[in-house]
Amino acid sequence: MRLPFFRNEPPTPYDMAAANLSNRELRLFLTNPNAVVGLGILASVALLALLAPALYPGDPLSVVAEPFLWPGQDWAYPLGTDALGRDVMAGALHGARISLYVGLAATIVGFGIGLLVGASAGYFGGRTDAALVKLIEVFQTLPNFVLVVVIVAVLEPTPTVVAVAIAIVSWPTIARLARAEFRSIRERDYVTAAHSLGCGSIHIMGREILPNALPPLIVTSSIMVASAILMESGLSFMGLSDSNIISWGSMIGAGREFIRTAWYLTALPGIAIVLTVLALNMIGDGLNDALNPRTQND
Amino acid sequence: MSGLSRILRTLRRSTLQAIPTAICIIVLNFILLQMAPGDAVDVLAAESGAATLEGMAAMRERFGLNAPVIEQLSAYLNRLLHLDLGTSARFGVPIAELIAQRLPRTLLLMALALGMAAIIGVALGAVMSSFAGRLSDRVLSILSLLFYSIPNFWIGLMLIVLFSVKLGWLPSGGSGSIGMGLTGWAALVDQARYLVLPAASLALYYVAIYARLTRAAMLEVRAQDYVRTAQAKGLPPLVVNVHHILRNALIPITTMAGMHVGAMLGGAVVVETVFSLPGLGRLAFEAVLGRDIQVLLGILLLSSFFVIVMNALVDLLHTFLDPKIGVH
Amino acid sequence: MDVNPTAILDVRNLTVSFKVQGGHATAVNRLSFSIPAGRTMALVGESGCGKSTTALSVLRLLPRNANLKGQILFGGQNLATLPLNALRKVRGHEIGMIFQEPMTSLNPVHRIGRQIAEAILYHEKTTAEAARARALELLRLVHLPDPERRLDVYPHQLSGGQRQRVMIAMAIAGNPKLLIADEPTTALDATVQAQILELIDELRRKLGMAILMITHDLGVVSRWADEVVVMHHGENLEHLKAADLFTEGRHPYTRGLIGASIRVSQDIHYRTRPLSEIRVSRDAEGNYEYALELPTRPKLPPIDSLAPPVLEVRNLVTSYDLAGTELRAVDDVSLIIRQGETLGLVGESGCGKSTLSKTIMRLVPATSGQLLFMGRDITRLEGRGLQSLRANMQMIFQDPFGSLNPRHTVGGILDIPLRLHGIADKAERRNRIAEVIEKVGLPAHSVLRYPHEFSGGQRQRIGIARALILRPSLVICDEPVSALDVSVQSQILNLLAQLKEQFQLSYLFISHDLAVVQYISDRVMVMQSGRFVEEGSYRDILRNPRHSYTRTLIAAAEGGRVAEAAA
């Protein structure tokens, strides 16, 4: 809601953004149907991923039944078996672990680098800013996915390397955003007031600016997890993954050869990816509505 | 303030900004090249299985892989100045030549996808913003969120299942019917049939992005005072929406669209792999399989320069869209 | 219901409410008034009183969540229920409208000429050449200098006053019978304000329009309007002849507004007379009650002109580097503030007054010159010395919404400076916070609240508390009441006077508003383009202005005729 024609009385959008995080924003977030559905899906995926070793102990890459069982054909293998007779369900659950691990690890590392670079650039300005902006620009110019492919090809395709490679290409998004927020909040009167009270840079960056800069960064980070999962699946689809660890992308890559006869081998892991990524994007939208009321519609 | 001087100023600024970026990218490329464990010679040797140590050393000498790092960097820069990206150890062909062969197909695919995504996405976004908060907006919002969540290689495969395997309408891969001696219009249609599915798979994600961007940008502009001025003048809704709202929203939309060019190139890599299109992406895929890092780095370098050029074009477009740019 | 035959606009029982979370908020409540042809009617009131909502209701420009009831009769039609496509023929053609913010009310990507011609083309179905010729004619009519060339410029190439002239040209393009002006000069400097108001009045006479003027400024009303409706919480409290506003206003709220607003022609001063304050409350049935209150006069000792100065500024220069050229925001400025004195600094936007205050506060480095605080050179002070200076010199800001960190509680905001300045004992900090909270007139439980839970005036009190908690001897007030309504302004000015007594403060009071500066200051300095052009006691500067710029400011503040410069 916006009441743009009053001056003082009803809260301005800026005020609304200013409400303390714990109560109002959380309530807004949890009453958003998109966000709740997204949270539900993500929680289920995470639970299944955690339970995978218990539900399907042993190597999901081992052959357990006859090949090309269609989903529902044999209820011992609800999602069927692949060309070698491996259980698709076991693969899907174990694959969730890799997707979530890479998504989270890449985002945490990328967020850390991005915040550090963006906050320093935005707060200190001047030459520091110019140099860091150039760095951000270089990384934004390099095509993300191609760079990830090169890094993973140069090093080795373990999940951690993949996560770090994705972090290396995704930190500039956070850095740009953090820089913009720090730059604009730096000019607010309450920061000037803090300076005039004698507060130091660390206090001002951490206590005065960061809490106000955080909401858009949080929104972006949930979308970063989603795009990291998409990138990881693309890499493992292209064969750039550890061949001893099953992942959704590699399942699609393997099923691709039998697309004319057994298309479910391609479809099922893809649906798992879409659901997980969709859930994260829905959460991101919900967070955006709750934390940045400026972008809400009337 | 003449239009020409603004354009020249923008061009000069873009060029000045691009030079350090380009240098940084070249150095980064070189560092990645140095980091690679083993080299193309190792791969070749492993593949042939019969190479002797002397033979490998000779090959390294030939490819200049034994010199000190600084010398290699200067040699690398020197070669780049002559547009020489080196010779692919695997294909035995100059890399620049390899890329030049594959580039047009990728550019065509990207141009098609970008055009589709921009037209459909902006139209959808405009509709969504006009009906913000209502049912049609909500449905389209969910739909765009879904498009935004689908991996492009997977939707490509699903489109193949539907349109090639089940319906048999469109080819599942390749770049044209071979040996039918098609010419003129027929050849063009034939080519287009092979590009429909790849372009659609690549475009889908960007349709979602542009739709969401357009919606947000138009809602933002809609709240501006000058839109109220336009309404107070008694202008009809279509004029207000197109001349005042969309026209201003184009500025942030094109900025973001420019930033996505690099990502779209990455998407093209995967989509070409799915549809066996002989483009840059397919080349990258083959290079990955053969661990031919030189070729990969050549592609990375070239695609980075492509992004730089696209960014300059977006800057130029902005001088037309935003009268405040280029004046000081 | 009889129809008033001479009324051009007749508003009857207008009620506007907004759908908000958990119910409806009424912005305008059963409001009725009418405007005779060719006359100026003013709606006056403070923020949130519904005056702007009323103006937007006439052309139905309200947001989608608004609900409108009642009648808006214009030219035999009821605009409240008229179908949108018929209403569009009225908008911009029979009724023109101008808005408060000339900087954002013009589309930044289209040329001026095109924006004016657009409406003409749509309403009159003429050729593009004819519409352009008409646009040129309109620019001449609003006295925009060099109109031929200005047709082809973009809004960002014009000043605020020039843009408002373009807005007016656009609004009168269809020879409207009614012009709605929603705070048309609030965003402009005083000298420009007077010119724009004069232009609107000139056009009213030339074109025979009626004007609906929305304003918060009683001076504007009495000078430029024929009739006035005083509004509060969406209701019409009193309808008066504008000329009688100051003498005949009967409603306690009107009397309160008059008592709270300061005009340059009044001879009042903070040392002799506090401003009256309006107390608005609601009884058990929700009815509004208005009361007037006159606080006690603070007992202030006279200024000892022999005492050493608290602050002395000698030949101060502060310059910025703007694309290689040196821009002197503060250009060779010297001043002295004595113990217990309030030095007023008046100037228009961009004159360098904010840069001056930041340089004195040591937030921006001085390029040259000297700053002496209590006789000690502080120009290049660093480290511990600077830290102890911070405790002695504090600042109050203009924007009560932007000057408090929204993520900290009020207690947290006040606790930070105490901890920073080495007060380790928690109980002592708590006592000092409670003390200062009480001194600035806030309830004790405020410490646990967040800034967004307070009104603008209360937030300004929090800002004052933050400035005073370290017990400084000099406080720099940078436009502390400019963002506030008059009733809140009078409370804050009274508070500043009281605190001066309680804390033995000296003030540097910066404002664009000559009347406010004159009221609150002992001595006044006038600043223009980074330099002081005149200095004198608060009485002298008004009675015997020597510099022509000072005379222009005074004339503008009186709402009188200002020499027609290119605004």
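Further up the page is the structure itself.
The sections below set out a description of the structure shown in this document. (Residues numbered from 1 in each chain as written. Chains lettered and ligands numbered in written order. Predicted model: local features only at pLDDT ≥ 70, side-chain atom pairs only at ≥ 80, totals over all residues. Heavy atoms only, no water.)

## Quick notes on the overall build of chain B
For chain B, the helix and strand inventory stands at 13 helices and zero strands. Seen in sequence order, chain B has helices and strands lined up from the N terminus as α-α-α-α-α-α-α-α-α-α-α-α-α. By sequence separation, contacts in chain B at least 24 residues apart represent 74% of the contacts at least 6 residues apart. Summing over all exposed atoms, chain B offers an accessible surface of approximately 14,900 Å²; the carbon and sulfur share of this is 69%. (Helix = DSSP H or I, 4+ residues; strand = E, 2+ residues; numbered from the N terminus. Contact = heavy atoms within 4.5 Å. Areas by Shrake-Rupley, 256 points an atom, 1.4 Å probe, with all protein chains shown as cover.)

## Some points on the interface of chain B and chain A
At the junction of the two partners, chain B supplies 53 residues and chain A supplies 45 residues. Summed over both partners, the interface of chain B with chain A buries about 4,400 Å², with 76% contributed by carbon and sulfur atoms. On the chain B side of the contact with chain A, Ser149(B), Phe153(B) and Trp154(B) bury the most area, a combined 12% of that side's loss. Across the chain B-chain A interface, the total number found is one salt bridge. Across the pair Asp285(A) and Arg212(B) runs a salt bridge, and its minimum N-O distance is 2.8 Å. At the junction of chain B with chain A, the criterion picks out nine residue pairs in polar contact (both at pLDDT 80 or more). Contributing elements (two or more residues each) for the side of chain B that touches chain A: helix 1 (3-35), helix 6 (135-147), helix 7 (152-166), helix 8 (184-222), helix 11 (261-275), helix 12 (280-289) and helix 13 (293-321) of chain B. (Buried area = accessible area lost by both parts, 1.4 Å probe. Salt bridge = Lys/Arg side-chain N within 4 Å of Asp/Glu carboxyl O. Polar contact = N/O pair within 3.5 Å; in protein donor to acceptor, adjacent residues only side chain to side chain.)

## A closer look at the packing of helix 10 (residues 237-259) of chain B against helix 13 of chain B
All names here are of chain B. At their nearest, the axes of helix 10 and helix 13 sit 10 Å apart, and the two run at 175° to each other. Judged on the interaxial angle alone, helix 13 and helix 10 are roughly antiparallel. Two secondary-structure elements touch here, helix 10 through Arg247, Leu250, Ile251, Thr254, Thr255 and Gly258 and helix 13 through Asn311, Val314, Leu317, His318, Phe320 and Leu321. When the residues that make up the contact of helix 10 with helix 13 are grouped by side-chain class, the tally is six nonpolar, five polar and one charged. (Axes fitted to C-alpha atoms, helices over the stretch in contact; angles between N-to-C directions. Parallel < 35°, antiparallel > 145°, perpendicular 65-115°, else oblique. Nonpolar A, V, L, I, M, F, W, Y, C, P; charged D, E, K, R; others polar.)

## Let's talk about a nonpolar patch on the surface
Together, Leu155(A), Leu16(B), Ile19(B), Ile23(B), Val27(B), Ile31(B) and Met35(B) give the surface a local cluster of nonpolar side chains, amounting to about 610 Å² of exposed area. Among the structural elements, Leu155(A) can be located in the loop between helix 6 (144-154) and helix 7 (159-186). By relative accessible area, Leu155(A) is classed as partly exposed at 38%. (Patch = residues over 30% accessible without salt bridge, like charges linked within 9 Å, V, L, I, M, F, W, Y side chains within 5 Å. Buried < 20%, exposed > 50% of the residue type's maximum accessible area, 1.4 Å probe, protein only.)

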